[in-house]
Amino acid sequence: GNALIAADKSADLLSRMEQLCIEIGDDFRPALSTYTSVINAISRSSVSNTRREVIEEIRERRDQIYCHIDKKRFKIDKNEDVFGIVMHLKDGEDMLRNKFVLDDDFNYVGNR
């Protein structure tokens, strides 16, 4: 019915937005809330098993767009930059402290 038509239209629009992002750049990246709205519309409109596949595909595309790092903008100049990135990993601080000697302010002192 109408919910299925609306879900199809929202998925098509999202696909166009993603294409603009790929072709033109991150300024045209769809908002995370857009992905959530499309996924919710699909969830409410369909009862088939393909719904899960479509939703998973949309989530994978979202993750690909949001995890993409523009190498021209991303630059690592010093150890502290790497430490900052690793700190976001699960057990990141333990990993660093096991490999490197760090002071109380988390500055690199030397290797273990």
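The shown structure was predicted, so the numbers you read here are calculated from the model rather than taken from an experiment.

Asker: Tell me about the nonpolar core, and please be specific about residues and values.
Answerer: Ranked by size, the top nonpolar core spans 11 residues in total: A7, L14, C21, Y35, V38, I39, A41, I42, I55, I58 and I65. Elements that contribute at least two residues to this core include exactly helix 1 (2-24), helix 2 (32-45) and helix 3 (50-67). In terms of residue count, the dominant contributor to this core is helix 2 (5 residues). Not counting residues within four places of it along the chain, the set of residues in contact with I55 comprises I39, I42 and S43.

Asker: Describe the pattern of salt bridges, with residues and values.
Answerer: Here the structure, examined in full by the defined rule, presents 3 salt bridges. The salt bridge partner of R61 is E18, with a shortest N-O separation of 2.7 Å. With R61 in helix 3 and E18 in helix 1, this pair connects stretches of sequence that are 43 residues apart. Exposure remark for R61: the relative accessible area of 23% places this residue in the partly exposed category. Its salt-bridge partner being R62, residue D63 comes within 3.0 Å of it at the nearest N-O pair.

Asker: Which residues make up the packing of aromatic side chains, and what values go with them?
Answerer: In this structure the tally under the stated criterion is 1 aromatic pair. Ring centres of Y35 and Y66 lie 6.5 Å apart, and the angle between their planes is 80°; this geometry places the pair in the edge-to-face category. Of this pair, Y35 sits in helix 2 while Y66 sits in helix 3, and the two are 31 residues apart along the sequence. Residue class for Y35 comes out buried when judged on its relative accessible area of 0%. Between R29 and the ring centre of Y66, over which it is positioned, the NZ or CZ distance is 4.2 Å.

What counts and what doesn't
Residues numbered from 1 in each chain as written. Predicted model: local features only at pLDDT ≥ 70, side-chain atom pairs only at ≥ 80, totals over all residues. Heavy atoms only, no water. Core = buried A, V, L, I, M, F, W, Y, C linked by side-chain atoms within 4.5 Å. Buried < 20%, exposed > 50% of the residue type's maximum accessible area, 1.4 Å probe, protein only. Helix = DSSP H or I, 4+ residues; strand = E, 2+ residues; numbered from the N terminus. Contact = heavy atoms within 4.5 Å. Salt bridge = Lys/Arg side-chain N within 4 Å of Asp/Glu carboxyl O. Phe/Tyr/Trp six-rings, centres within 6.5 Å; stacked < 30°, edge-to-face > 60°. Lys NZ or Arg CZ within 6 Å of the ring centre and 35° of its normal.

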